[in-house]
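The residues making up each chain are set out below.
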Amino acid sequence: MNTTPQRVEHQLTDKGYVPVYTTAVVEQPWSSYSSDDHAVWAQLFERQQKVLVGRASDEFLTAQRAMHMTPDRIPKFDDLNRTLRAHTGWELIGVEGLLPELTFFDHLANRRFPVTWWIRKPEQIDYLSEPDLFHDLFGHVPLLMNPVFADYMQAYGKGGVKAHGIDPDALVHLTRLYWYTVEFGLIKQADGLRIYGSGIVSSKSESIYSLESNAPNRIGFDLERVMRTRYRIDTFQKTYFVIDSFEQLMRATEPDFTPIYQRLREHDSIPAGDVLASDAVFNRGTGEGWLTDGDV
Ligand SMILES: C[C@H](O)[C@H](O)[C@H]1CNc2nc(N)[nH]c(=O)c2N1
Ligand SMILES: N[C@@H](Cc1ccccc1)C(=O)O
Ligand SMILES: [Fe+2]
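In this text the structure is predicted, and so the values were computed from the model without any measurement.

### Remarks on the coordination of the iron ion (ligand 3)
Donor atoms from the polypeptide that bind the iron ion (ligand 3) are H135 (NE2), H140 (NE2), E183 (OE) and E183 (OE), placed at 2.0 to 2.8 Å. Within one chain, the residues serving as donors to the iron ion (ligand 3) are arranged as H-x4-H-x42-E. Of this pair, H140 sits in helix α5 (residues 133-140) while E183 sits in helix α7 (residues 168-183), and the two are 43 residues apart along the sequence. In terms of burial, H140 and E183 fall into one category: buried.

In structure tokens:
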């Protein structure tokens, strides 16, 4: 199997500077997964299933059940695609890893979600510096079964293509929105705060920390506030933003962002851990354990 990826450049993302691959869509090399690969999937899957009870949002858990992933072996993209296409018209495509931003946006805009085909090694169970199959499949894919969230992801992709054509500042602001919603979002449910962000959902320690630690801020979602807020790529977040519903997220992001990007030029960015007088605060973080520098 030819798995020598073509590493072209490095891009600052979730986990620091990581290689960006130009490689086009790849077939999932399912029969080449080793028994170690399947065991890593099983271990992570079973561990997260327990952690997510009472922590993941009802929307996530419902979508996850409808997706029918199982711990016994790494799912086949083809099988998941039959279910996804029938429900929301989304499709998974296999990729080597992070894509250049415009390529990534173009896929989302066309309801294609890129999934890294390889899975982390047993010694990387708790941490690795780039997205792998577990993060992408377990973390991102279930909510593509939710009709509202599915539309949000496509709208985001279209917005990304548009922001890419404006300037790098617009992209910085839009990327923060992805970070604080798709990757690290919390949602308010009748019985309390729950997780929907895939970066949290795919991490045992952050699943617990994001909801139960007193250290981070938990603040009500406000579009421009989020777009101004810097973030952490190397540690747990200092601040999580809480939406009321996916409908709220859709409505808040429907307007044309062009004038918003213009307005945001006049404002400074907000350090990741700051709380503003105008914030709707669920929890004012104690800041315990925060590193003083390193916000992106
Ligand atoms: C939009 C997001 O912030 C980030 O820049 C993009 C870049 N390329 C990517 N490529 C893949 N395959 N997966 C991703 O999540 C991303 N994220
Ligand atoms: N409304 C945004 C597009 C978008 C939708 C949803 C999420 C993110 C961006 C724009 O005009 O740019
Ligand atoms: Fe992700």
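### Considerations on α7
Burial runs high along α7: 12 of the 16 residues are buried. Looking only at α7, the buried set comprises A170, L171, H173, L174, R176, L177, Y178, W179, Y180, T181, V182 and E183.

### A few points about the site of ligand 1
Ligand 1 sits among nine residues. The nearest are G97, L99, E101, F104 and T175. Between a nitrogen atom of ligand 1 and a main-chain N or O atom of G97, the distance comes to 3.2 Å. Considered on its own, ligand 1 offers 390 Å² of accessible surface; in the complex 93% of this is hidden by protein. A per-element tally of the shell around ligand 1 places helix α4 (residues 101-109) first, with three residues. The residue makeup of the shell around ligand 1, split by class, is five nonpolar, three polar and one charged.

### Digging into the site of ligand 2
Near ligand 2 the following residues occur: Y152, A155, Y156, G159, K162, L174, L177, T253, E254, P255, D256 and F257. In the environment of ligand 2, a nitrogen atom lies 3.3 Å from a nitrogen or oxygen atom belonging to the backbone of E254. F257 has a polar backbone atom sitting 3.0 Å from an oxygen atom of ligand 2. Burial of ligand 2 by the protein amounts to 92% of the accessible area it has alone, namely 320 Å². The set of elements that each furnish at least two residues to the shell around ligand 2 consists of α6 (147-164) and α7. For the shell around ligand 2, the element with the highest residue contribution is α6, accounting for five residues. Among the residues forming the shell around ligand 2, the class breakdown is seven nonpolar, two polar and three charged.

### With respect to the confidence of the model for the protein
Chain-level statistics for the protein give a pLDDT mean of 93 and a share of 93% at 70 or above. Between residues 1-5, whose pLDDT stays under 50, and residues either more than four places distant or in other chains, the model counts six contacts. Across the whole predicted complex the pTM is 0.92, and at the interface the ipTM reaches 0.95.

So, how was this worked out
Residues numbered from 1 in each chain as written. Chains lettered and ligands numbered in written order. Predicted model: local features only at pLDDT ≥ 70, side-chain atom pairs only at ≥ 80, totals over all residues. Heavy atoms only, no water. Donors = N, O, S within 2.8 Å, 3.2 Å for Na, K, Ca; no water. Helix = DSSP H or I, 4+ residues; strand = E, 2+ residues; numbered from the N terminus. Buried < 20%, exposed > 50% of the residue type's maximum accessible area, 1.4 Å probe, protein only. Near = heavy atom within 4 Å. Polar contact = N/O pair within 3.5 Å; in protein donor to acceptor, adjacent residues only side chain to side chain. Areas by Shrake-Rupley, 256 points an atom, 1.4 Å probe, with all protein chains shown as cover. Nonpolar A, V, L, I, M, F, W, Y, C, P; charged D, E, K, R; others polar. pLDDT = per-residue confidence, 0-100. Contact = heavy atoms within 4.5 Å.

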